[in-house]
Amino acid sequence: MEDNLKQEYIIRTDKLGKRYGSQWAVRQIDIHVPAGQIYGLLGRNGAGKTTIMKMLLGLTKQSSGSIFLFRQEVTKYEEDIYCRIGSSIETPGFYPNMTAKENLSVFSRLRGKTDYRRIQNALDVVGLPYHGKKVFAEYSLGMKQRLAIANAMMNEPELLILDEPTNGLDPIGIAQMRTLLKELSHNHGKTILISSHQLSEMEQLVDWVGIIHEGKMLEECSYQELKEKEHPYIRLKTAPLEQACQYLSDVMHINHFTVKDGTIFVHDLKYSTLDINQKLFSAGIGVSEITICRDNLENHFKELTGGIGIA
Ligand SMILES: Nc1ncnc2c1ncn2[C@@H]1O[C@H](COP(=O)(O)OP(=O)(O)OP(=O)(O)O)[C@@H](O)[C@H]1O
Ligand SMILES: [Mg+2]
């Protein structure tokens, strides 16, 4: 990211690290979260997402590096900084026998005094009823996640830090959460840092992405930039296969192609599908399928993070 934008970062870290015993859970991480944007921390289980968020919130002390929040370096517990942040890290201990309003008034009282207007506002924004009779134990997972966000929003923070807010939600629940977070960012001007282990949950939601793997930042870029990494390639089915491969390399001088399960994947796009089709045909090689494809982001993410267990 460009240096001249530095002023606008609501969260910035410089070589942030956390060591548990001899193990570094987070190593030299530089994060840049611009004001008013939604930033997704993406990484597999154990990548270090929760640890990073806990350090940002002062819930655990970093072992190395610096944290800047609202352009101020945080070196000790700073009430005037943390009161500008709402968070949901791991499930807060809501009372199972209380309604949303009752639960929020307990948390509100813990922060100082109960402000029913703020409770109502927070519940309105997340779409939970203020006068609802249902108690927490009767809530669906989506409602529980919404209540956690309402709780994070109660003191009208400028920055929200939400650890896996879409975890366990079904596709409709994820879409509703996406709408809610976008509304908080676009209409209420909030800066939002969220984490997820699934790239698909970040789609159409985040403006920026930081890909974390084994405690390291592998890539930090705008979502748009990440989208542009979806490399096109040509998928080709021919008979006979060996002759087609030989023709592609020896006659057409296409060097970058791979063969898997009887299909040729051409990554070097100097010829169009039409050209390849015509040339192979005139060499007496049959083409049963030729398509231009794009690698999806999920594959890119899998490649970056070692390829297994993410979806
Ligand atoms: N209190 C702790 N003591 C020792 N090791 C810890 C502690 N908390 C986290 N770790 C380790 O730090 C690493 C990162 O954990 P973290 O919870 O930050 O990952 P995560 O990305 O949030 O994973 P998940 O997707 O499973 O929530 C893991 O190897 C974990 O075992
Ligand atoms: Mg976690």
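The structure reproduced in this document is the subject of the present report. (Residues numbered from 1 in each chain as written. Chains lettered and ligands numbered in written order. Predicted model: local features only at pLDDT ≥ 70, side-chain atom pairs only at ≥ 80, totals over all residues. Heavy atoms only, no water.)

### Observations concerning the overall build of the chain
The secondary structure content of the chain amounts to eleven helices and 15 strands. The globule rule puts the C-alpha radius of gyration for 311 residues at 19 Å, and the 25 Å found for the chain is more than 25% above it. Counting only C-alpha atoms, the chain reaches 80 × 45 × 35 Å along its principal axes. Across the 311 residues of the chain, 46% fall into the buried class. Taking the contacts inside the chain whose residues are at least 6 apart along the sequence as the reference set, 65% of them involve residues at least 24 apart. Taken as a whole, the chain presents about 15600 Å² of accessible surface, with 48% of it coming from carbon and sulfur. Charge centroids of the chain, computed over 36 positive and 38 negative side chains, lie 6 Å from each other. (Helix = DSSP H or I, 4+ residues; strand = E, 2+ residues; numbered from the N terminus. Rg over C-alpha atoms; globule rule 2.2 N^0.38 Å. Buried < 20%, exposed > 50% of the residue type's maximum accessible area, 1.4 Å probe, protein only. Contact = heavy atoms within 4.5 Å. Areas by Shrake-Rupley, 256 points an atom, 1.4 Å probe, with all protein chains shown as cover. Lys, Arg positive; Asp, Glu negative; His and termini not counted. Charge placed at Lys NZ, Arg CZ, Asp CG, Glu CD.)

### Considering the sheet that holds strand 7 (residues 85–88)
A sheet is described by the order of its strands in space; here six strands give the open sequence 7-8-9-4-10-11, paired in mixed fashion. Since the sheet does not close on itself, it has two edges, and those belong to strand 7 and strand 11 (216–222), each with one partner. Going across the sheet, the axis of each strand differs from the next one's by a mean of 15°, ignoring polarity. Relative to strand 9 (residues 191–196), strand 8 (residues 159–162) is paired through four bridges, and the arrangement is parallel. Residue Leu160 lies in a different strand from strand 9, and its bridge partner there is Ile192. Sheet contacts for helix 1 (residues 49–56): strand 4 (38–42), strand 8, strand 9 and strand 10 (208–213); angle to strand 9, the most-contacted strand, approximately 150°. (Pairing = 2+ DSSP bridges. Axes fitted to C-alpha atoms, helices over the stretch in contact; angles between N-to-C directions.)

### So, the nonpolar core
Of all hydrophobic cores here, the largest spans 41 residues; its most connected members are Leu123, Leu147, Ile149 and Leu181. Residue contributions to this core peak at six residues, all from helix 5 (residues 141–153). Not counting chain neighbours up to four residues away, the residues in contact with Leu147 comprise Phe94, Ala100, Asn103, Leu104, Leu123, Leu128, Phe136 and Tyr139. Counting residues in hydrophobic clusters, the runner-up holds 28 residues, among them Val33, Met53, Ile81 and Trp208. (Core = buried A, V, L, I, M, F, W, Y, C linked by side-chain atoms within 4.5 Å.)

### Brief notes about the site of ligand 1
In the vicinity of ligand 1, the contacting residues are Tyr20, Ala25, Arg44, Asn45, Gly46, Ala47, Gly48, Lys49, Thr50, Thr51 and Glu164. Within the side chain of Asn45, a nitrogen or oxygen atom sits 3.1 Å from an oxygen atom of ligand 1. Residue Gly48 places a main-chain N or O atom 2.9 Å away from an oxygen atom belonging to ligand 1. Here ligand 1, which alone exposes 640 Å², has 55% of that area covered by the protein. If you tally residues by element for the shell around ligand 1, the top one is helix 1, at three residues. In the shell around ligand 1, the residues fall into three nonpolar, five polar and three charged. (Near = heavy atom within 4 Å. Polar contact = N/O pair within 3.5 Å; in protein donor to acceptor, adjacent residues only side chain to side chain. Nonpolar A, V, L, I, M, F, W, Y, C, P; charged D, E, K, R; others polar.)

### Quick look at the packing of helix 3 (residues 100–111) against helix 5
Running from amino to carboxyl end, helix 3 crosses helix 5 at an angle of 30°, the nearest separation of the two axes being 10 Å. With respect to each other, helix 3 and helix 5 are oriented roughly parallel. Handedness of the helix 3/helix 5 crossing: right-handed. The residues of helix 5 that touch helix 3, namely those facing Ala100, Asn103, Leu104, Phe107 and Arg111, are Leu147, Ala150 and Asn151. Of the residues assigned to the contact of helix 3 with helix 5, the class counts are five nonpolar, two polar and one charged. (Parallel < 35°, antiparallel > 145°, perpendicular 65-115°, else oblique. Left-handed = near helix turned anticlockwise from the far one by under 90°.)

### So, the packing of helix 3 against helix 4 (residues 116–126)
The geometry of helix 3 relative to helix 4 is characterised by a closest axis approach of 10 Å and an angle of 130° between their N-to-C directions. One finds that helix 3 runs oblique with respect to helix 4. As for how helix 3 packs across helix 4, the hand of that crossing is right-handed. Here Ala100, Lys101, Leu104, Ser105 and Ser108 of helix 3 lie close against helix 4, whose contacting residues are Tyr116, Ile119 and Leu123. Classifying every residue of the contact of helix 3 with helix 4 by side-chain character gives five nonpolar, two polar and one charged.

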